[in-house]
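Descriptive structure summary
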Amino acid sequence: MKPLPYEVMQEGGVPIKSWTLGVPFEEEARAQLRNISQMPFIHKWVAAMPDVHLGKGATIGSVVPTLGAVIPAAVGVDIGCGMMAVRTSLSAPQLPDNLAGVRSAIERAVPHGRTGGFRGKRRRDKGAWENPPDDALAGWAPLAAQFELLKEKHPVLKNTNNINHLGTLGTGNHFIEMCLDEQGSVWLMLHSGSRGVGNRIGTYFIEKAKRDMELWHIHLPDSDLAYFPEGTEHFDDYVQAVEWAQEFACINREVMMARTIGAVKQALGTDFEARMEAVNCHHNYVSREHHYGRDVLVTRKGAVRARVDEMGIIPGSMGAKSFIVRGLGNEESFCSCSHGAGRVMSRTKAKKQVSLEEHRAATADVECRKDEGVIDETPSAYKPIEKVMAAQKDLVEIVYTLKQVVCVKG
DNA sequence: ATGTTC
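Looking at an unreviewed UniProt entry, one finds chain A named 3'-phosphate/5'-hydroxy nucleic acid ligase and attributed to Microbulbifer epialgicus. As recorded by UniProt, the Catalytic activity (unreviewed entry) comment attached to chain A reads in full: "a 3'-end 3'-phospho-ribonucleotide-RNA + a 5'-end dephospho-ribonucleoside-RNA + GTP = a ribonucleotidyl-ribonucleotide-RNA + GMP + diphosphate".

Written out as structure tokens, the structure is:
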């Protein structure tokens, strides 16, 4: 008999199938998944991807199919976070030896980094538009009417960043890269989500669900598993808001990609074709899908959908390879794959343990930040991506293997 | 991840 390509755990609830053979899988993440598996509305089982690790609220790298309920913390606050990549007609020999100019052109074209401005001192906010450019305004057009309705219904959204965050990168593990594939084609790839407004929507509904649980005296193994039952007003409100935030995130990536393409053309003084092969996929989101005969809501937090022939992106850390993949439509994973390498070290631990020299060596061939502020993103803070890819051979096949030459971080 | 902060 062929050995199973995944590990199975079951304690009281539904099974947990984990595509984690040969990769680290911490006990804290297992415990978090066991809690999810106890919920009475999980369809069939919970799936864990090879980049699985402990997350705030819900496990990163989890796929949770639910019947008649949704858990807002299982989606998280970075609603619609995901990846976009395009292959260009440029090839490696057309690039200059020094890519500093390309990096700074991208940095000028796309706001990135921490929101500035402290009480008393008004500093310019590096992470948002002061005046959104025309392409951001155009991207906002299809979002505007629905946002007015959301604001009316949920006044908490009134003072959030919204249009001024459309086409902006953010911080942390959000990035923009120029990569080369194994044939020498140049790719542009980026990672970002729904920024301030999606965060506010996520936080607001997670709190709302927790209050509902208290109101109805429903006790949970973990308060972050608070849910909205289908048929309630809050369920409908959440689904509507989360879908809007997912759309915002998708358009955010498109606007940034167009601006990045423009910046690279300008920096190189060359025109080229882009979007020859474009992929834009969420990895923190909820979607209505059909699995094993039922209409379900599938929540993927740190997981990518991988239906038959569906294209996805699995990025490695800032010094590692990334992969453009094609889904194999493996139903047992609810047609899913990992969203990256997955952390092995918390941000705090990485900052304490990894030296600047080590970080510089690990990113020697990349035009990127080499300062203390990015140590929490250093390659050794992540699982080895090759092992992560090996553990999901039955979920996706690799179409392109990319290696970054430029990396912009917020 | 974001926003706010002493």
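What about the side chain of Ser62?
One can find Ser62 in strand S4 (residues 60–66). Within the local environment of Ser62, its side chain forms a polar contact with the backbone oxygen of Thr59, the two atoms lying 2.8 Å apart. Those residues in contact with Ser62, other than ones at most four positions away along the chain, are Leu33, Ala47, Thr299, Arg300, Lys301 and Ala303.

Details of the nonpolar core
Among the nonpolar cores identified, the biggest contains 50 residues, and Leu33, Val46, Trp140, Ile201 and Trp244 are the most heavily contacted of them. Those elements that provide at least two residues to this core are helix H1 (27–37), strand S3 (46–53), strand S5 (69–70), helix H2 (72–75), helix H4 (134–153), helix H5 (195–215) and helix H6 (233–268). Sort the elements by how many residues they give to this core and H6 lands first, with ten residues. Each residue touching Trp140, except ones within four places of it in the same chain, is listed here: Phe147, Asn162, Ile163, Leu166, Trp244 and Phe248. Counting 45 residues, the second largest nonpolar core, distinct from the first, contains Trp45, Ile313, Met345 and Val354.

What about the sheet that holds strand S14 (residues 311–314)?
Backbone-to-backbone hydrogen bonds join strands into a sheet, with any given pair of strands oriented parallel or antiparallel. Taken together, seven strands build an open sheet; the order of strands is S10-S6-S8-S7-S17-S15-S14 and the sheet is antiparallel. Two strands close off the open sheet at either side, each with one partner strand: strand S10 (277–282) and S14. Each strand axis lies, on average, 30° off the axis of its neighbour in the sheet, ignoring direction. Sheet topology note: the strand S6 (residues 82–91)/S10 ladder contains six bridges and is antiparallel. From the neighbouring strand, Met83 faces S10, where its bridge partner is Cys281. Strands in contact with helix H3 (residues 100–109) are strand S7 (175–180) and strand S17 (396–409); relative to S17, the strand with the most contacts, it is inclined by about 85°.

A short note on H1
Every buried residue of H1 is listed here: Ala29, Arg30, Gln32, Leu33, Arg34, Ile36 and Ser37. Packed against the buried residues of H1 are strand S1 (7–9), strand S2 (16–18), S3 and S4.

Overview of the packing of H3 against H6
With their axes 8 Å apart at the nearest point, H3 and H6 run at an angle of 140° to one another. Compared by their axis directions, H3 and H6 come out oblique. You can see that H3 and H6 cross each other, and the crossing is right-handed. Along the contact surface, H3 presents Gly101, Val102, Ala105, Ile106 and Ala109, while H6 presents Arg259, Thr260, Ala263, Val264, Ala267 and Leu268. Broken down by class, the residue content of the contact of H3 with H6 amounts to eight nonpolar, two polar and one charged.

Considerations on unusual backbone geometry
Here His217, not a glycine, exhibits a phi torsion of approximately 55°, which is positive. Along the polypeptide, His217 turns up in the loop between H5 and strand S9 (228–229).

Examining the pairing of strand S11 (residues 284–291)
Across the eight residues of S11, six count as buried, placing the element largely inside the fold. Across eight bridges, S11 lies against strand S12 (residues 294–301) in antiparallel orientation. Bridging across to S12, His290 finds its partner in Asp295. What sits between S11 and S12 in their antiparallel hairpin is a turn of two residues, with Tyr292 showing a positive phi close to 45°.

Looking at the environment of Tyr292
Examined against the element boundaries, Tyr292 turns out to sit in the loop between S11 and S12. Within the structure, Tyr292 has its side chain in polar contact with the backbone oxygen of Glu331 (distance 3.5 Å). A distance of 3.4 Å separates a polar atom in the side chain of Tyr292 from the backbone nitrogen of Glu332.

So, the pattern of salt bridges
Under the criterion given, the structure shown has 24 salt bridges. In this structure, Arg34 and Glu11 form a salt bridge, with 3.9 Å as the shortest nitrogen-oxygen distance. Here the residue Arg34 occupies a position in helix H1, and Glu11 occupies one in the loop between S1 and S2, the gap between them amounting to 23 residues. The partner of Arg369 in a salt bridge is Asp371, with the nearest N and O atoms 2.8 Å apart. One network of salt bridges, in which partners are shared, links Arg343, Arg347, Lys351, Asp376, Glu377 and Lys409.

Details of the sheet that holds S1
Pairing is mixed in the open sheet, where six strands are placed in the order S1-S2-S3-S4-S12-S11. For this open sheet the edge positions go to S1 and S11, each flanked by a neighbour on one side alone. Averaged over all adjacent pairs, the angle separating strand axes in this sheet is 25°, with direction ignored. Relative to S4, S3 runs antiparallel, the two being bridged by three bridges. Among the inter-strand pairings, Ala47 is bridged to a residue of S4, identified as Val63.

Thresholds applied
- Residues numbered from 1 in each chain as written.
- Chains lettered and ligands numbered in written order.
- Predicted model: local features only at pLDDT ≥ 70, side-chain atom pairs only at ≥ 80, totals over all residues.
- Heavy atoms only, no water.
- UniProt positions renumbered as here; feature names shortened; annotations may be inferred.
- Helix = DSSP H or I, 4+ residues; strand = E, 2+ residues; numbered from the N terminus.
- Polar contact = N/O pair within 3.5 Å; in protein donor to acceptor, adjacent residues only side chain to side chain.
- Contact = heavy atoms within 4.5 Å.
- Core = buried A, V, L, I, M, F, W, Y, C linked by side-chain atoms within 4.5 Å.
- Buried < 20%, exposed > 50% of the residue type's maximum accessible area, 1.4 Å probe, protein only.
- Pairing = 2+ DSSP bridges.
- Axes fitted to C-alpha atoms, helices over the stretch in contact; angles between N-to-C directions.
- Parallel < 35°, antiparallel > 145°, perpendicular 65-115°, else oblique.
- Left-handed = near helix turned anticlockwise from the far one by under 90°.
- Nonpolar A, V, L, I, M, F, W, Y, C, P; charged D, E, K, R; others polar.
- Salt bridge = Lys/Arg side-chain N within 4 Å of Asp/Glu carboxyl O.

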